[in-house]
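# Structural features, examined
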Amino acid sequence: MIQVILDTGGALDLNGQNQTIDALYITNGILRNGMSGGISTLTITNTIGIHPANAITLDDVNGQFDVPPADAELDIAADINGSSSLVKTGLGTLSLLNSNYCSGNTTVSNGTLVLNFPCLANTSTVVVATNAALGTNAILTLNFANADTNIVAGLILGGVNKPAGIYNAATDPTYLTGAGSLKVVPPVTINLLAGPIQFSVSGGTLALSWPTNLGWILQSQTNALNIGLVASSNDWFDVPGSASVTSTNVPITPANPAVFFRLRHP
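Numbers given for residues are sequential positions, taken from 1 along each chain in its written order. pLDDT decides what is reported in this predicted model: residues at 70 or higher carry local features, side-chain atom pairs at 80 or more are listed and counted, and totals for whole chains, interfaces and linings draw on all residues regardless. Side-chain metrics rest on all non-hydrogen atoms present in the structure, leaving aside hydrogens and water.

## What to know about the overall build of the protein
The line we're drawing: Runs of H or I in DSSP of at least four residues are treated as helices and runs of E of at least two as strands, each being numbered from the N terminus. When we talk radius of gyration, it's over C-alpha atoms, and the globule rule is simply 2.2 Å times the number of residues to the 0.38. Burial classes follow relative accessibility: with a 1.4 Å probe on protein chains only, a residue under 20% of its type's maximum area counts as buried, one over 50% as exposed, and anything between as partly exposed. Throughout, a contact is declared for two residues whenever any of their heavy atoms are within 4.5 Å.
Scanning the protein from N- to C-terminus turns up 0 helices and 30 strands. In terms of overall size, the protein is more extended than a compact globule, its C-alpha atoms giving a radius of gyration of 25 Å where 266 residues would be expected to give roughly 18 Å. Dimensions along the principal axes, computed over C-alpha positions, put the protein at roughly 80 × 45 × 35 Å. In the protein, buried positions account for 42% of the 266 residues. A separation of at least 24 residues holds for 52% of the contacts in the protein among residues at least 6 apart in sequence.

Okay, structure coming up:
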């Protein structure tokens, strides 16, 4: 049974060798391949039934993967989990071979980070930096099969915060390579206070809007029997797609004697 814990200031240098262990926990520590021209592969087998299985766990602030020589490579044959950030340093290449990455942010400070699966968390921010002192750019290689697209919350390339959109080797070849793409979908900040639903009627259409409550879900309830003016809590239904808009038009149906609308916080 081999478990390795890299605390703050701790480092494990594979130095061009391959290593198989049962578990690795990085708490602000460093995993490194410091051998020039060497390729090191770290494999997590988890033969002792540790949870999570076959994984490197990133705790605390970040986990650093360092490959100082430009001609060196560090391959990770393990899932990477935890909410800490993953930070790639050094001029060499780090390649993540498995399909599960951590839920934290990802920073490529130097060299190349190769992602073989589109498993970046959609709540994470990806940073690919410029090393002004060396005059070099870090590279993120999106080696996704079928030219897949990975959704992320933010993307910063060379210090430039990218707006919502799709980015790849065609749009930003200085920082991105490979067949895959990153789609930036910034998170929506939802107003915690329920605002009023505004309405107007034109012909046979009821226009509803809630401009201060993007992310809230519009619900409707039809009281076919018209019993009182209070709808049963079990009779409310979400209006499909309403969480991504702040207005909608509803056809007026005379056959419905009473229809109610309200907003629901997700």
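Further notes follow.
## Description of unusual backbone geometry
In the Ramachandran plot, Asn15 falls in the positive-phi region, its phi being about 50 degrees despite a non-glycine side chain. Here Asn15 lies in the loop between β2 (11–13) and β3 (19–21). One non-glycine residue, Asn146, adopts positive backbone phi at about 60 degrees.

## Digging into the layout of surface pockets
What counts here: Cavities and pockets were defined on a 1 Å grid built over protein atoms only: a cavity is a set of grid points that admits a 1.4 Å probe from which the probe cannot escape, a pocket is an open set flanked by protein on both sides within 12 Å along at least five of seven lines, and lining residues are those with an atom within 4 Å of any such point. Grid points are joined across faces, edges and corners, and a volume is the space filled by probe spheres set on the points. Only Asp, Glu, Lys and Arg are considered charged, only Ala, Val, Leu, Ile, Met, Phe, Trp, Tyr, Cys and Pro nonpolar, and every remaining residue, Gly among them, polar.
Estimated volume of the largest pocket: approximately 180 Å³. In this structure, the largest pocket is lined by Leu206, Thr222, Val250, Pro251, Ile252, Thr253, Asn256, Val259 and Phe261. Sorting the residues of the lining of the largest pocket by element identifies β29 (247–251) and β30 (259–264) as the ones contributing at least two each. Looking at the lining of the largest pocket residue by residue, the classes come out as 6 nonpolar, 3 polar and no charged.

## Notes on the sheet that holds strand β15 (residues 125–128)
Stated precisely, the cut-off is as follows: Any two strands are treated as partners once DSSP identifies two or more bridges connecting them.
The strand order across the open sheet built from 8 strands is β2-β5-β8-β11-β13-β15-β20-β21, with neighbouring strands paired in mixed fashion. Each edge of the open sheet carries a strand with a single partner, namely β2 and β21 (160–161). In this sheet, strand β20 (residues 154–157) lies alongside β15 in parallel orientation, the contact comprising 4 bridges. Looking across to β20, one finds that Thr125 is bridged to Gly154.

## Digging into the pattern of salt bridges
Pairing between side chains of opposite charge can happen when the charged atoms of each approach one another. The condition is simple: Throughout this description, the term salt bridge denotes a Lys or Arg side-chain nitrogen within 4 Å of a carboxyl oxygen of Asp or Glu.
Applying the stated criterion to the full structure yields 3 salt bridges. Asp66 is paired through a salt bridge with Arg32; the nearest N and O atoms lie 2.7 Å apart. Placement of Asp66 in strand β8 (residues 62–66) and of Arg32 in strand β5 (residues 30–32) is noted, with a sequence separation of 34 residues between them. Judged by its relative accessible area of 8%, Asp66 is buried. Of the charged contacts, one joins Arg264 and Asp238 as a salt bridge, the two residues approaching to 2.8 Å between their closest N and O atoms. One end of the pair, Arg264, is in strand β30; the other, Asp238, is in strand β28 (residues 237–238), with 26 residues separating them in the sequence. Using a relative accessible area of 30% as the deciding quantity, one classes Arg264 as partly exposed. For Asp238, a relative accessible area of 40% puts it in the partly exposed group.

## A short note on the sheet that holds β29
Spelled out, the test is: Axes here mean lines fitted to C-alpha atoms, for a helix over just the part in contact, with angles spanning 0 to 180 degrees between N-to-C directions.
Spatially, the 3 strands line up as an open sheet ordered β25-β26-β29, and their pairing is antiparallel. Both edges of this open sheet fall to β25 (198–202) and β29, since each of them pairs with a single strand only. The sheet shows a mean angle of 20 degrees between the axes of neighbouring strands, taken without regard to direction. Two elements, strand β26 (residues 205–209) and β29, share 5 bridges in a ladder whose sense is antiparallel. What sits directly across from Ser209, in β29, is Ser247.

## Brief notes about the nonpolar core
Definition in use: For this analysis, a nonpolar core means a set of buried residues of the types Ala, Val, Leu, Ile, Met, Phe, Trp, Tyr and Cys, connected via side-chain atoms within 4.5 Å.
By size, the foremost hydrophobic cluster in this structure holds 41 residues, and its most contacted members are Leu24, Leu31, Ile56, Phe65, Ile76 and Leu140. In this structure Ile76 touches Leu31, Leu42, Ile56, Phe65, Leu94, Ser95, Leu96, Leu97 and Asn98, once residues within four positions along its chain are discounted. Among the nonpolar cores identified, the runner-up in size contains 6 residues, and Leu208, Trp210, Trp216 and Leu263 belong to it.

None of the figures reported here should be taken as evidence of function without further support.
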